[in-house]
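Observations on chain architecture
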Amino acid sequence: AVEPGASPGSDPLDLLRASGGAALGTGVLVFSLTAIITSFIGFVLALTDFFADALRPSEGGASDSADKQEDSELIKVRDFALTLILPLAVACYDPTLFFQAIDKAGAFGVSMLFGFLPAWLALSRRAMESPVLAQQPGMLGGYVRGPLVPGGILILVLVAGGALAVVAQNALELLAGAS
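All values derive from a computational prediction rather than experimental measurement.

The helix and strand tally for the protein chain stands at five helices and two strands. Reading the protein chain from its N terminus to its C terminus gives the helix and strand order α-α-α-α-β-β-α. Burial analysis of the protein chain (179 residues in total) assigns 12% to the buried set. In the protein chain, the proportion of contacts linking residues at least 24 apart, taken out of those at least 6 apart, comes to 56%.

Next comes the structure, spelled out in structure tokens:
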């Protein structure tokens, strides 16, 4: 992530907009804004639903339908306030905190999500299935399906170990930077 106030030209989107002419610049801007808007909409919808579920009042509430309608609107306002005001306050307090959080979360989240978990799931799936392609004359086509990805357990262990090594390296960098 490029921190605010960094040297001009260090933002990859600025470089792309400047190098391709007006049409490419406009396309990059539209794509970027669309990505930000859809992420924001998803964030707001998911977090307001979370707060609505987590803070749901007990079932012995108001009996009049007008009171229920008014309570429902107040609950929606509460959920939107919880969703938007706290992040806005944190962003106003320290605008660079978002970039720091993305840097920290990216190393751990991406390594676990795209490195360790797929290898672990493939290993567990292979433990339940036949590990080799075996000829079965009575079966349709004459073969039993083997593993989808070649390489065996060694490759999967190396992938998972590499992801864990990246997580460990980033954790050590964080700990060394904190002291």
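Here we take up helix α4 (residues 97–128). Taking 1.5 Å of rise per residue, 32 residues should cover 46 Å, and α4 covers 45 Å from first to last C-alpha, within 8% of that figure. At M112, α4 shows its strongest bend, of approximately 40°. The complete set of buried residues in α4 reads A107, S111, G115, F116, A119 and R126.

Turning next to the pattern of salt bridges. Counting across every chain of the model gives two salt bridges. The salt bridge involving R56 is made with D53; its shortest N-O contact spans 2.7 Å. No difference in accessibility class separates R56 from D53, as the two residues are exposed. Measuring nitrogen to oxygen at the nearest pair gives 2.9 Å for the salt bridge that ties D79 to R78. With relative accessibility at 4%, the residue D79 sits in the buried group.

This paragraph deals with the environment of R56. If you trace the backbone, R56 turns up in the loop between α2 (21–54) and α3 (65–93). Each C-alpha atom, one on R56 and one on I75, is 8.9 Å from the other, the two residues being 19 residues apart in sequence. Side-chain polar atoms of R56 contact the side chain of D53, separated by 2.7 Å.

On to a nonpolar patch on the surface, then. On the surface, L29, L33, I36, I37, F40, I41, F43, L45, F80 and L84 cluster together to form a nonpolar patch covering roughly 910 Å² of accessible area. Breaking the nonpolar patch down by element, the ones donating at least two residues are α2 and α3. In terms of residue count, α2 provides more of the nonpolar patch than any other element does, eight residues in total. Mapping L84 onto the fold places it in helix α3. We classify L84 as partly exposed; its relative accessible area is 32%.

We now examine the packing of aromatic side chains. In the structure shown here, the tally under the stated rule is three aromatic pairs. The interplanar angle of 70° and the centroid separation of 5.8 Å between the aromatic rings of F98 and F99 together place this pair among those described as edge-to-face.

Owing to its 3.6 residues per turn, the α-helix aligns residues three or four sequence positions apart on the same side. Spanning 34 residues, α2 covers 49 Å between terminal C-alpha atoms, matching the ideal 50 Å at 1.5 Å per step. Every buried residue belonging to α2 is among G25, V28, S32, V44, T48 and F51, and all of these are buried.

It is worth spelling out the side chain of S111 at this point. Position of S111 relative to the elements: it lies in helix α4. Here S111 falls in the buried class, since its relative accessible area comes to 12%. Other than its neighbours up to four places away in sequence, S111 contacts G106, F116, A163, V166 and V167.

Before going further, it helps to examine the packing of helix α1 (residues 12–19) against α2. Their axes nearest at 6 Å, the elements α1 and α2 cross at an angle of 150°. For the pair α1 and α2, contact is made by L13, L16, R17, A18 and S19 and by G21, L24, G25, V28, L29 and S32, respectively.

Reading the values: the criteria
- Residues numbered from 1 in each chain as written.
- Predicted model: local features only at pLDDT ≥ 70, side-chain atom pairs only at ≥ 80, totals over all residues.
- Heavy atoms only, no water.
- Helix = DSSP H or I, 4+ residues; strand = E, 2+ residues; numbered from the N terminus.
- Buried < 20%, exposed > 50% of the residue type's maximum accessible area, 1.4 Å probe, protein only.
- Contact = heavy atoms within 4.5 Å.
- Expected span 1.5 Å × (residues − 1).
- Bend = angle between axes of the 7 residues up to and from the residue.
- Salt bridge = Lys/Arg side-chain N within 4 Å of Asp/Glu carboxyl O.
- Polar contact = N/O pair within 3.5 Å; in protein donor to acceptor, adjacent residues only side chain to side chain.
- Patch = residues over 30% accessible without salt bridge, like charges linked within 9 Å, V, L, I, M, F, W, Y side chains within 5 Å.
- Areas by Shrake-Rupley, 256 points an atom, 1.4 Å probe, with all protein chains shown as cover.
- Phe/Tyr/Trp six-rings, centres within 6.5 Å; stacked < 30°, edge-to-face > 60°.
- Axes fitted to C-alpha atoms, helices over the stretch in contact; angles between N-to-C directions.

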